[in-house]
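In case you want the letters, here they are:
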Amino acid sequence: MRTTISLHFILAIVATFSIHVTAQRAPQLSPAVRAYVAVDATVVALTHARVIDGTGAAPREDQTLIIRDGNIAAIGNFASTEVPAGAHTIDLTGKSAIPGLIMVHEHLYYPNGPGVYGQLGESFSRLYLSGGVTTMRTGGNVNGFMDLNMMRLVESGQKPGPAIDATAPYLNGPNTFIQMRTLKGPEDARRQVQYWTDEGATSLKTYMQITRGELAAAINEAHRRGIKVTGHLCSVTYAEAAGLGIDNLEHGFFPATDFVTDKKPDQCPGQGVGQKTIAALDENGAPFKNLVQTLIKANVALTSTLTVFETFTPGRPKPPGLEVLTPQLREQFEQNYARTAQNKDSLYTTLFPKAMALERAFAKAGGLLIAGTDPTGGGGVIPGFANQRQVELLVDAGFTPLEAISISTLNGARYLGRDKTVGSLVAGKQADLVVINGNPAAAIGDVRKVEIVFKQGVGYDPTKLIASVSGKAGIW
Ligand SMILES: [Zn+2]
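## Quick word on the overall build of the chain
Point 1. Of regular secondary structure, the chain possesses 16 helices and 19 strands.
Point 2. For a compact globule of 476 residues, the expected C-alpha radius of gyration is about 23 Å, and the chain comes in at 22 Å, within 12% of that figure.
Point 3. Projected onto its principal axes, the C-alpha coordinates of the chain cover approximately 70 × 55 × 45 Å.
Point 4. Taken over 476 residues, the chain has a buried fraction of 57%.
Point 5. The long-range share in the chain, meaning contacts at least 24 apart out of those at least 6 apart in sequence, stands at 74%.

Right under this line is the structure:
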């Protein structure tokens, strides 16, 4: 008996301590942010909620969730959890609470025209938040400082949006993008990492034409500074990048060139050449299984971005959220969509389902699969809407709804090293959560029915966020 009491006492101290070390109070919010706030009270009680906690555990019905000073103060059965006097109480009967989405291949830019990417930090940060994203990593930037500035403006309460893990401009070899720099060698790669991390970048993205020497130098310098490196690679194979210590690879196995037989070192054989080998790959065969083991042993996370590849695949439904685009950009995507639908010989007809199977095999083998959307390609990947679609597509790929939610929340937090603060619904963590009018554990499509997005305990109205940019995404 005595032992039990003292153990409880110690656990209570640990729990109290963890609240102080992990969670952050929301900053003072500017009037520009307040315009989108639906719920703001020191103590909020969500009652009769179905809690889907993000760990993959079964939903718990009829729960009370207490938010105090921006953090989750308690979660428990309605019958046994007291609602503090004066709490702002919201009855969630029939509704669910899931953790805020944590998505890691996001961008604050969009393909506006031939080779031109419009800088849409203002509208996109609102759209991400409206879709339930409370933390995001940008997966490369083509402007220089906007990602870094948006990160700081959101953090200080000047602008609405998810917490941002901000990337530096892409690290790449010779390329044809007019908004992308070309590295001059390993020392230059090291200097770029030094410069951008000094400026505040918290993440690095390497790209398709980088050499092994440049990649090694970038990883070495980034790790020395405690920063992680991801890559959308082609010139360097997945196995080579794992050997050099990369932390993350983007787009599942779509860009892997490991299976191109006459691949020349440091040279990208062309995206299509690699993709043909992926479409023909056997997920149960030794070559693929060996690569998966190599990645897992080297602790390399894999980002699923099925949303962008769905827009290249004939016969798929039209993506959600197109109405927020400017009329010109919407028209441009509608034309792309019609062209894709008519492409009967598209490799994506076999590649898309194959890539889903490969991502699932990687996760089943014990690899860390994380999720993102990648609003690039030929357009049509609309922040916020696409994040919900990505969760649905993980279910299409064979994951259970609870697994898909876990990949899109807690796994992202683990990768970013933020899982002590966010990523799951547990007392002591930050109150980043999404109220959903439905049950996504039973019907994953319900993730689209977002009613309130809580970030640091402040509840945002998704309808107002979307309305503020509707028809304008593409301009700012
Ligand atoms: Zn991208």
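## Digging into the sheet that holds strand S11 (residues 163–165)
Point 1. With parallel pairing, three strands are arranged side by side in an open sheet as S7-S10-S11. The open sheet has two edge strands, strand S7 (101–106) and S11, and neither has a second partner. For this sheet the average axis-to-axis angle between neighbouring strands, irrespective of direction, equals 20°.
Point 2. Two elements, strand S10 (residues 133–138) and S11, share three bridges in a ladder whose sense is parallel. Across the sheet, Arg137 pairs through a bridge with Asp165, a residue of S11.

## Points about the coordination of the zinc ion
Point 1. Ligation of the zinc ion by protein atoms is provided by His105 (NE2), His107 (NE2) and Asp374 (OD), these donors lying 2.0 to 2.4 Å from the ion.
Point 2. Sequence spacing of the donors to the zinc ion: H-x1-H-x266-D. Remark: Asp374 occurs in the loop between strand S16 (369–371) and helix H13 (385–396) and His105 occurs in strand S7; sequence separation between them is 269 residues.
Point 3. With a relative accessible area of 1%, His105 lands in the buried category.

## Structural notes on the pairing of strand S4 (residues 71–77)
Point 1. Inspection of the sheet shows strand S3 (residues 60–68) paired to S4 by six bridges, in the antiparallel sense. Bridging across to S4, Thr64 finds its partner in Gly76.
Point 2. Turn length for the S3-S4 hairpin, with the two strands adjacent in sequence and antiparallel, is two residues, and the turn residue Asp69 shows positive phi of about 50°.

## So, the sheet that holds strand S14 (residues 248–249)
Point 1. Taken together, five strands build an open sheet; the order of strands is S12-S13-S14-S15-S16 and the sheet is parallel. Looking at the sheet topology across the chains shown, the edges are occupied by strand S12 (203–206) and S16.
Point 2. The pairing of strand S15 (residues 301–304) with S16 spans three bridges and is parallel. Residue Leu302 lies in a different strand from S16, and its bridge partner there is Leu369.

## Let's talk about the pattern of salt bridges
Note that side chains of opposite charge can pair when their charged atoms are close.
Point 1. Here the structure, examined in full by the defined rule, presents 26 salt bridges.
Point 2. A salt bridge links Lys364 to Glu403, with the nearest nitrogen and oxygen atoms 3.6 Å apart. Residue Lys364 is found in helix H12 (residues 348–364), and its partner Glu403 is found in helix H14 (residues 401–407); the two are separated by 39 residues along the sequence.
Point 3. Glu403 sits in the partly exposed class, given a relative accessible area of 30%.
Point 4. Connected through salt bridges with shared partners, the residues Glu187, Arg190, Asp198, Glu221, Arg224 and Arg225 form a single ionic network.

## Let's talk about the side chain of Thr409
Point 1. Its place among the elements puts Thr409 in the loop between H14 and helix H15 (410–416).
Point 2. Residue contacts for Thr409: discarding those within four places in its chain leaves Gly54, Pro99, Gly100, Leu101, Ile102 and Gly423.

## Topic: unusual backbone geometry
Point 1. Here Asp69, not a glycine, exhibits a phi torsion of approximately 50°, which is positive.
Point 2. Relative to the helices and strands, Asp69 resides in the loop between S3 and S4.
Point 3. The exposure class of Asp69 is partly exposed, given its relative accessible area of 29%.

## Observations regarding the confidence of the model for the chain
Point 1. Mean pLDDT over the chain: 95, with 95% of residues reaching 70 or higher.
Point 2. Of the regions scoring below 50 in pLDDT, residues 1–22 engages in six contacts with residues more than four places distant in sequence or in other chains.

## Brief notes about the environment of Thr349
Point 1. Topologically, Thr349 is positioned in helix H12.
Point 2. For Thr349, a relative accessible area of 46% gives the class partly exposed.
Point 3. A C-alpha to C-alpha distance of 8.5 Å links Thr349 and Gly315, two positions 34 residues apart in sequence.
Point 4. In this structure Thr349 touches Thr313 and Pro314, once residues within four positions along its chain are discounted.

## Some remarks on the packing of aromatic side chains
Point 1. In this structure the tally under the stated criterion is 17 aromatic pairs.
Point 2. Relative to Phe312, the ring of Phe309 has its centre 6.1 Å away and its plane inclined at 80°; by these criteria the two rings are edge-to-face.
Point 3. Overall, Phe312 belongs to the partly exposed group, its relative accessible area being 26%.
Point 4. Through successive ring pairs, a cluster of aromatic residues spans Tyr109, Tyr117, Tyr170, Phe177 and Tyr207.

## Some details on the nonpolar core
In a soluble, globular protein the nonpolar side chains are often hidden away together inside.
Point 1. Ranked by size, the top nonpolar core spans 101 residues in total, and within it Ile246, Leu249, Phe253, Leu295 and Tyr460 carry the most contacts.
Point 2. Per element, the largest residue contribution to this core is seven residues, and it comes from H12.
Point 3. Contacts of Phe253, omitting those with residues within four sequence positions, involve Tyr238, Ile278, Phe288, Leu291, Val292, Leu295, Leu302, Leu358, Glu359 and Phe362.

## Some details on H12
Point 1. Look at H12: 23 Å from first C-alpha to last across 17 residues, which is about the 24 Å you get at 1.5 Å a residue.
Point 2. Those residues of H12 that sit buried are Tyr348, Leu351, Phe352, Lys354, Ala355, Met356, Leu358, Glu359 and Phe362.
Point 3. Buried residues belonging to H12 abut helix H8 (271–279), helix H9 (286–297), S15, helix H10 (306–310), S16 and H13.
Point 4. Once H12 finishes, Gly366 follows within two positions and takes phi at roughly 110°, a positive value.

Reading guide: rules and limits
Residues numbered from 1 in each chain as written. Predicted model: local features only at pLDDT ≥ 70, side-chain atom pairs only at ≥ 80, totals over all residues. Heavy atoms only, no water. Helix = DSSP H or I, 4+ residues; strand = E, 2+ residues; numbered from the N terminus. Rg over C-alpha atoms; globule rule 2.2 N^0.38 Å. Buried < 20%, exposed > 50% of the residue type's maximum accessible area, 1.4 Å probe, protein only. Contact = heavy atoms within 4.5 Å. Pairing = 2+ DSSP bridges. Axes fitted to C-alpha atoms, helices over the stretch in contact; angles between N-to-C directions. Donors = N, O, S within 2.8 Å, 3.2 Å for Na, K, Ca; no water. Salt bridge = Lys/Arg side-chain N within 4 Å of Asp/Glu carboxyl O. pLDDT = per-residue confidence, 0-100. Phe/Tyr/Trp six-rings, centres within 6.5 Å; stacked < 30°, edge-to-face > 60°. Core = buried A, V, L, I, M, F, W, Y, C linked by side-chain atoms within 4.5 Å. Expected span 1.5 Å × (residues − 1).

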